[in-house]
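# Overview (structure and organization)
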Amino acid sequence: MMGMKIRLVSQDSALHRLCGEILGEFPKENCELTVAPAPDPAADLCIWDYSDEVGVPPVDSDDMSKYLILLPRKAIPAFRGAPEFAAATLVLKPATRAVLRAFLGLAISNGKDRLAGAGSPCSDRDEILQCLIEANLRLQEYDQDRTNFLARGMHDFRAPLTAISGYCGLFLSEALGPVASEQRQVLERMQQSTRRLSRMASAMFQLSIDRHTKRRPDLYLNDLQDCVDQALHEIAPVIESKQIGVVAELEERYRSLPCDPNLIEQLLVNLLDNACKFTPRNGEIEIRGYPYFWDRRNSRAVMVGVRERRRQLSLEPNAYRLEIRNTGAGIPDRYLETIFEEYTSYNGAQDRSGAGLGLAICRMIALQHEGRIWAENTDAGPRFTLVLPAHSNEQARSNHSTHMEAMSYAEVLE
């Protein structure tokens with residue numbers, strides 16, 4: 001059976017990957033996604049990622065209703081008032097996974113109707129659909145305004161937390177007088193908590209603006225064992241309070257890989273904190289790491305005119321896999337696919353403290369490192385898996401050298 005042809009006109013590699021992943025969620029549909037700098041008249045749907053480099057879609061198209069145009073906020077008025085684009089679907093950039101999935105699902109459904117000879121939908125349904133699309137565009141604009149407001153709030157929230165952490169450090173240095181051992185322990189925990197809150201505020205700020213500004217992590221070679229050790233140190237009070245046993249075994253080969261240690265530590269703290277929350281008293285958390293061969297090819301996305309480098313045979317692992325398993329109750333199956341979405345909480349009314357942001361931040365950090373993260377249930381308990389590319393590039397090696405030189409210089413100053 002002939003499938004649906006989808007053409008993506010874009011220079012955004014992240015958008016290429018996202019569209020391929022979304023189409024992978026429709027396994028029963030025979031869809032073909034191609035990425036090229038020009039539209040295809042034979043395509044059933046054209047996703048046009050508008051930018052200064054890509055430009056506007058050709059206005060002489062016979063069927064502009066086949067176009068899904070992604071637009072920045074400033075370009076919306078010009079397209080909204082242009083009669084030649086009246087039949088096109090306009091989506092505010094950057095498009096979220098949920099919005100893209102909804103429109104792609106609708107396009108696939110309509111495409112199946114056409115292929116089955118169902119004929120064109122009635123004019124009333126077309127008019128209702130256009131009203132819904134316009135309403136969705138308005139909601140996206142309001143959501144962007146709300147997100148910008150929250151991002152500014154999170155940015156301002158970090159300053160007093162940094163001040164509190166500094167005051168704790170001042171007391172711990174005994175510059176204001178001697179500190180008893182019990183007081184020192186309390187101050188250390190206060191400082192640890194304020195630093196954690198500060199990191200959470202920073203991560204929430206980054207999560208808010210990540211849709212608008214793509215941050216490149218500061219990659220240089222790091223040993224994942226150091227990141228795991230630091231994360232365990234930070235959640236040690238929770239582990240001790242619930243008397244949770246921790247087993248951490250990381251194979252050394254390929255364990256040093258290009259990453260931003262601060263971001264990876266934040267990811268691990270979130271995962272371990274989540275594991276502690278759902279692990280019963282006297283339970284166990286197991287951390288395993290080992291080299292892994294990760295085939296990142298996506299057969300649904302074809303880059304026209306570009307040779308796929310990952311189609312070469314290789315016997316060497318190209319990634320490192322980190323698994324965190326706990327002995328708590330399993331994750332309900334209906335949440336396994338959405339657990340990393342913002343505001344998803346799978347523990348119902350029993351616990352709303354996470355609000356779904358912790359795992360959403362984990363996915364954001366994993367994607368920034370071109371990695372992948374997912375959750376699954378096992379016979380021994382729920383398991384979260386993180387896969388990161390293992391082979392370092394020249395930029396990572398250069399950053400590593402610069403970082404080591406800076407550390408050596410700091411040691412000389414001390």
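As shown above, the structure is provided for reference.
What comes next concerns the included structure. All values derive from a computational prediction rather than experimental measurement. (Residues numbered from 1 in each chain as written. Predicted model: local features only at pLDDT ≥ 70, side-chain atom pairs only at ≥ 80, totals over all residues. Heavy atoms only, no water.)

### Observations regarding the side chain of R325
Take R325: it is sitting in strand 11 (residues 319-326). Of note is the side chain of R325, whose polar atom sits 3.0 Å from the backbone oxygen of A380. (Helix = DSSP H or I, 4+ residues; strand = E, 2+ residues; numbered from the N terminus. Polar contact = N/O pair within 3.5 Å; in protein donor to acceptor, adjacent residues only side chain to side chain.)

### Things to note about the side chain of R255
Mapped onto the elements of the fold, R255 is located in the loop between strand 7 (245-250) and strand 8 (256-259). A polar atom in the side chain of R255 sits 2.7 Å from the side chain of D223. With residues near it in sequence (within four places) discarded, R255 still touches N222, D223, L224, Q225, L250 and Y320. (Contact = heavy atoms within 4.5 Å.)

### Details of helix 8 (residues 261-278)
The α-helix winds at 3.6 residues per turn, so residues separated by three or four positions along the chain end up facing the same way. Given a rise of 1.5 Å per residue, 18 residues ought to cover 26 Å, and the 26 Å separating the end C-alpha atoms of helix 8 matches this to within 8%. The element helix 8 is extensively covered by neighbouring structure, given that 13 of its 18 residues are classed as buried. At the N-terminal boundary of helix 8, the capping side chain belongs to D260, with an oxygen 3.1 Å from the backbone nitrogen of N262. (Expected span 1.5 Å × (residues − 1). Buried < 20%, exposed > 50% of the residue type's maximum accessible area, 1.4 Å probe, protein only.)

### Describing the sheet that holds strand 12 (residues 372-378)
Reading across from one edge, 7-9-11-13-12 is the order of the five strands in this open sheet, with mixed pairing throughout. Each having just a single partner strand, strand 7 and strand 12 make up the two edges of the open sheet. The mean inter-strand angle of the sheet, taken between neighbouring strand axes irrespective of direction, is 15°. In this sheet, strand 13 (residues 381-389) lies alongside strand 12 in antiparallel orientation, the contact comprising seven bridges. (Pairing = 2+ DSSP bridges. Axes fitted to C-alpha atoms, helices over the stretch in contact; angles between N-to-C directions.)

### What to know about unusual backbone geometry
Although it is not a glycine, E174 adopts a positive phi angle of roughly 60°. Residue classification places E174 among the partly exposed residues on the basis of a relative accessible area of 36%. Backbone geometry at E370 places phi at a positive 60°, although glycine is not the residue there. Within the element layout of this structure, E370 appears in the loop between helix 9 (357-368) and strand 12.

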